[in-house]
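# Overview (structure and organization)
What follows is each chain in one-letter form.
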Amino acid sequence: MSMTDLLYPSSYVRADNNNAKAWFEFLLNPDLLVEHLNETDPEPSGCALIKQFYDQANRPVNDQGQLLPPPDNERNRALKKLALQTASLLKWDLNVFDKELPIASRHQLLTEFMKACKTQIPPTPQNSLATALESMNDHTISSLILYCRWGSRTIVKSSFPCKPGGRITPTVPQSIPYQANAQQRCDEIRDQIIAILKDQVFDIVQFLEAVLHHVKRPVKMPGHKTIADDSMGTSTENESDIVISCEELHAQICYDLGCLHFSHSFYEKAREMFSHVKEWLTRVPENSSGFCEVDEATLNGYRVACQMVTKTESVTDDAVAECESLCLKIEDCLKRKGSALREMAEYIIEDIYKKELSTSYLDEVSNKFSFFLVQVERKVLYSGDESYGGDILFDVKWTVAVRRAVRGFDQPTGLWTSMMNIAQLQRIVGIVQQVAPYVNSEEAERLGGFLTSLSNNLPEPSLVEQLLQFEVTRKFMHEDDVNDLILRIKGEQDNTRQETSDQPETSTLQTKPTTPEKLLLRTLEPTEIKEALKQLHIAASGKKYYSLVASWELSSAYVSAITTSTTDAESYDFYHIVLAKAFHCVRDGAYSTAKRMLTFVQKSCTTKSDQKIQKIATNELLKVEVMELLDDKSLHYSDREECSELRNQLGDVVTRCRHLLATASDQSKQANLPPILVPLCAAMLLNLEDLSFFMSASRGPSSAPCLRIACLLSLVRAGVIDRSLEPRKAVHDLWSAAMGIYATAAPLASSMSGRGSSKKQQTEPLRNLLPSNAIIARPEFLRFIKLLRNPHLMQIVLSLLVHLHRLCRTDILSDITVPDANVINALWPTGLDGAPLSGPCVTLALRETLAHCLTLQPQNRSWLRTLADVHYAFSNYGAALRSYLLLGAYVTNYFTDVPSNGPYDDDQIIQRMIKCCMHMKCFTQAAVLCQLTKEVDYQTAFKALQENRECCDAVEYHLSEHIWNVQILEHATFERRESGENGKKSILMSAISRPELNHNNPPKVGARVKQFRMCRFFQAMSRQYLCR
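Since the model is a prediction, treat every value here as computed from it, not as a measurement.

### Points about the overall build of the protein
When its secondary structure is counted, the protein shows 52 helices and four strands. A total of 1028 residues make up the protein; the buried ones form 46% of that total. A separation threshold of at least 6 residues defines the contact pool for the protein, and within that pool the share at least 24 residues apart is 69%. Put simply, the protein shows about 51900 Å² of open surface, and 51% of that area lies on carbon and sulfur atoms.

Given below as structure tokens:
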């Protein structure tokens, strides 16, 4: 076996499939190619064969251990001819080539096609291009068209950002010579080919435009027989040639040129080309060759984008005009809001079934549109706002409901509670009929479920019968659901007739036994629940109605209290159902409804036997009131005066919280309380800084865990406020408690030391075992922290966790900035005593606490800095850079004015932003940031500019618009000259020659230029990283 066979062993290995054919079989039998590709699923495929043919033709020759270029012999020429024949049998489809062929094979295929036709790019001097086209053979024209089309598409795709692969070239000396891996070699080849195409882009555009102006006839592309006979570029006609009609040719070339112009921001030219595409597509004959493949939705999206960018008012296409008008109408509705509610309903329906709005446009207006729509849904679906009028309210309410059904969103409970007549039911069905012809199978199934829910919640059997008469109902609803409805209607009619004849005096109660039951299911009024249960128990006294819904289950303690307090089934059902519905309202955030129901239960318990139920209602009512206060965004706890004023305003709630915490100090009394009530009351008093209560409260082992944590936090807060209280002991106690919470449990050490223990046994105690000296479990501690709203308390907790994290995560080299709490920061211990801490759990607690802090104050500069440092420490460079940018954006009103002593006067922040950009391969942005350090970091800037090949940002844009240091610009120009990029070098030369960068300018001019370019740079960074 020769050295060449060792270098390319896969070339001679047959596939495992016995039916797969090897490349050399086609070389031995040329007729086999057509037969093979005519199979339904050929193995190997056509594109795989092209790659194999070129791999064999490109194999180097081994001459005494030295690899020489492949020779131009008969074998290699035959292989290249087979590749061209295969491409012709694939109809020269660029879409197939782009999907299945690597870029090197595509480039070689189309270059060999031009060579076979004895042409190149550019084919001739530009001034004689029209004359040359008239004398060119069809095959030559088609080879040039195909290459130019592929070149333009590749240039457009290369403008899209992509994540580079492969490892980074080492910057330190290696023991062995550095060798690029396969992915890097592919990237280098890709970059080289794209660079070649970009150098040819002017010639590509010139040739394609010349074809549009001078080729007004069909063009023939060579077939496999023409290639086999070596008759390409001759006047010999062959039946295997593929005829491309003039309409297809012009439509496809216009589309490719339009995309190329659009990617280079020539929107006027792009709009003109896309208009021509639309016109040519209407003329394409039915028996077309398939050469033109243009997606209508993408074309319309391009046209709308061009018109919106160029601000053109004249529209030549109705479809685009309609799409554009829909965008403008939506914007108009967002401005007029309430007065345009009926129009918004029409646009919602239109967007459901027409789906004309492009994804990019919806992304642009999603914030405004979704916010307004959420406001409408809340008013219409939840609060029952009738300020828009009855008919408008009903239309929008059910239009939004149909939209939610089609898109797969859950419906709010209040949707099914309103009464309805036949006319209104017909309007709902009319909305469904408008949408029906345009939904797919999955959306049709969702609409069927929507209609089923509607039928199950209709108050009258006559309405159900009317609903079944519509054709759209039987079309979308499942057959079993339709049959169940029919049987139910018939059964109710039979019962009505029988009971009317037998017992006419009690027909009022028994003709409609399901009406009170439905009222029981949907009503949230305690009086209606009581009346419905009364009627149901008269009709069927032995039935347990609290078990109608599985989600009405209560805890065993509540069930036991209701059982011992009631003697009849009706009272048991009433208390059980009202409490269950109140809990559901709490989970949905409907606190006022829950309070109304619990207050009714509280007042209904008038006898001595009802004291347990009354106690349950009282505790639940306090829980609801505290939860409502904690969720109230209008309450602020920023300073002591505000907290004192709030304590006076909420005197009743504060008193009840104090009383409950005082009586719940014994764990035996906590069993009958709601599990979250004690943490809620402790958090509420902590937020209000009721420090005197916690300083006098019991902190013994029998106290609730969250109460002990609250006492420790209150002592630290009191010590910070009043230094005479000596906060050092309180800080030490809180530190010891935190170390106990996050200490590694004893079973963990033994399980990790045992060799036979599984991975699950090693990791499970890390999260689930509670250390022996911990006063509260870790999940419960985090839940309690998330109930706090006072920023001063959150500052203490965050400072504690950052110091713990510093000491226990010695594997993290990057420092995390401590939040601004200068008084408390100096008091934390500087070492760990006792059991080791669980580092991952401390990290989790720090991340969760930071996330909660930033929901309270998203613009807190200290917390944003800590979050950015945490992301940076764990190598999450994208999130770290985004947090550092937010830090400056909030301070400078999104970089409208960046002061000299602004957020980026700290060199550590700038250095970390530079490193984030370097790791994300945004080397030009890193070079710009190097100007912001106190001493310009030329070394890092020059190193970043040398990474031109792997750069993933807008290089020329940042260099020409955001660099104010002339030395950095000069170095960038030198790098472009050394790499032979003359076009980019000229751009930088023009940037250096701008008057504002002149060394002789006064210092004030230089300062203004720096200020202006710095603001522009950070605004560009914000658009890239923050507007997503």
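### Quick word on the packing of helix H13 (residues 246-263) against helix H15 (residues 296-310)
Contact geometry of H13 with H15 gives a least axis separation of 12 Å together with a crossing angle of 40°. Regarding the angle of H13 to H15, the classification is oblique. When the axes of H13 and H15 are compared, the crossing they make is left-handed. From H13, Tyr 255, Cys 259 and Phe 262 reach across to H15, where they touch Thr 298, Leu 299, Tyr 302, Ala 305 and Cys 306. Tallied by class, the residues present in the contact of H13 with H15 amount to seven nonpolar, one polar and no charged.

### Some points on the confidence of the model for the protein
Mean pLDDT over the protein: 78, with 78% of residues reaching 70 or higher. pLDDT under 50 marks residues 1-18. Its contacts with residues more than four places away, or in other chains, come to 19 contacts. Throughout residues 165-179 the model reports pLDDT below 50, and contacts reaching past four residues in sequence, or to other chains, amount to 16 contacts.

### Remarks on the side chain of Glu 112
Tracing the sequence through the fold places Glu 112 in helix H7 (residues 103-116). Take Glu 112: its relative accessible area is 13%, and that puts it in the buried class. When sequence neighbours within four positions are dropped, the list of residues in contact with Glu 112 reads Tyr 54, Lys 80 and Leu 84.

### Considering the packing of helix H44 (residues 861-873) against helix H45 (residues 877-891)
Their axes nearest at 7 Å, the elements H44 and H45 cross at an angle of 165°. Between H44 and H45, the interaxial angle falls into the category roughly antiparallel. Of the two possible hands of crossing, H44 and H45 adopt the one that is left-handed. From H44, Arg 861, Leu 864, Arg 865, Leu 867, Ala 868, Asp 869, His 871 and Tyr 872 reach across to H45, where they touch Tyr 877, Ala 879, Ala 880, Ser 883, Tyr 884, Leu 886, Leu 887, Tyr 890 and Val 891. A class-by-class count of the residues in the contact of H44 with H45 yields 12 nonpolar, two polar and three charged.

### Points about unusual backbone geometry
For residues other than glycine, phi is negative in most cases, and the peptide bonds are mostly trans. Note that the residue after Glu 43, namely Pro 44, is joined by a cis bond; omega there is 5°. Relative to the assigned elements, Pro 44 resides in the loop between helix H3 (32-37) and helix H4 (46-57). Located in the positive-phi region is Trp 92, a residue other than glycine, with phi close to 50°. Tracing the chain through its elements places Trp 92 in the loop between helix H5 (74-89) and helix H6 (94-100). Under the relative-accessibility criterion, Trp 92 is labelled buried at 1%. A positive phi is found at Asn 893, a non-glycine position, where the angle reads about 55°. By the secondary structure assignment, Asn 893 is in the loop between H45 and helix H46 (907-919).

### Observations regarding the pattern of salt bridges
Oppositely charged side chains can pair when the atoms bearing their charge come close. In the structure shown here, the tally under the stated rule is 29 salt bridges. Across the pair Asp 138 and Arg 217 runs a salt bridge, and its minimum N-O distance is 2.5 Å. Within this pair, whereas Asp 138 is found in helix H9 (residues 138-158), its partner Arg 217 is found in the loop between helix H11 (201-214) and strand S3 (219-221), the two being separated by 79 residues in sequence. The class of Arg 217 is partly exposed, set by a relative accessible area of 32%. With a closest N to O distance of 3.4 Å, Glu 961 and Arg 994 form a salt bridge. On the criterion of sequence distance, the pair formed by Glu 961 in helix H49 (residues 955-962) and Arg 994 in the loop between helix H51 (982-992) and helix H52 (1003-1025) is long-range, its members being 33 residues apart.

### What about the packing of aromatic side chains?
This model, assessed by the stated rule, comprises 22 aromatic pairs. Aromatic side chains Phe 274 and Tyr 302 sit 4.8 Å apart centroid to centroid with 15° between the ring planes, which places their arrangement in the stacked category. Residue Phe 274 is located in helix H14 (residues 267-281), and its partner Tyr 302 is located in helix H15; the two are separated by 28 residues in the primary sequence. Phe 274 gets classed as buried once you look at its relative accessible area, which sits at 0%. Given a relative accessible area of 17%, Tyr 302 falls into the buried group. Centroid distance Tyr 890 to Tyr 894: 6.3 Å. Interplanar angle 85°. Geometry classified as edge-to-face. With a relative accessible area of 43%, Tyr 894 lands in the partly exposed category. Taken together, the aromatic side chains of Tyr 255, Phe 262, Tyr 267, Phe 274 and Tyr 302 make up a single cluster linked through ring pairs. Here the basic side chain of Lys 269 rests over the ring of Phe 266, its NZ or CZ set 5.7 Å away from the ring centre.

Quick notes on the rules
Residues numbered from 1 in each chain as written. Predicted model: local features only at pLDDT ≥ 70, side-chain atom pairs only at ≥ 80, totals over all residues. Heavy atoms only, no water. Helix = DSSP H or I, 4+ residues; strand = E, 2+ residues; numbered from the N terminus. Buried < 20%, exposed > 50% of the residue type's maximum accessible area, 1.4 Å probe, protein only. Contact = heavy atoms within 4.5 Å. Areas by Shrake-Rupley, 256 points an atom, 1.4 Å probe, with all protein chains shown as cover. Axes fitted to C-alpha atoms, helices over the stretch in contact; angles between N-to-C directions. Parallel < 35°, antiparallel > 145°, perpendicular 65-115°, else oblique. Left-handed = near helix turned anticlockwise from the far one by under 90°. Nonpolar A, V, L, I, M, F, W, Y, C, P; charged D, E, K, R; others polar. pLDDT = per-residue confidence, 0-100. Salt bridge = Lys/Arg side-chain N within 4 Å of Asp/Glu carboxyl O. Phe/Tyr/Trp six-rings, centres within 6.5 Å; stacked < 30°, edge-to-face > 60°. Lys NZ or Arg CZ within 6 Å of the ring centre and 35° of its normal.

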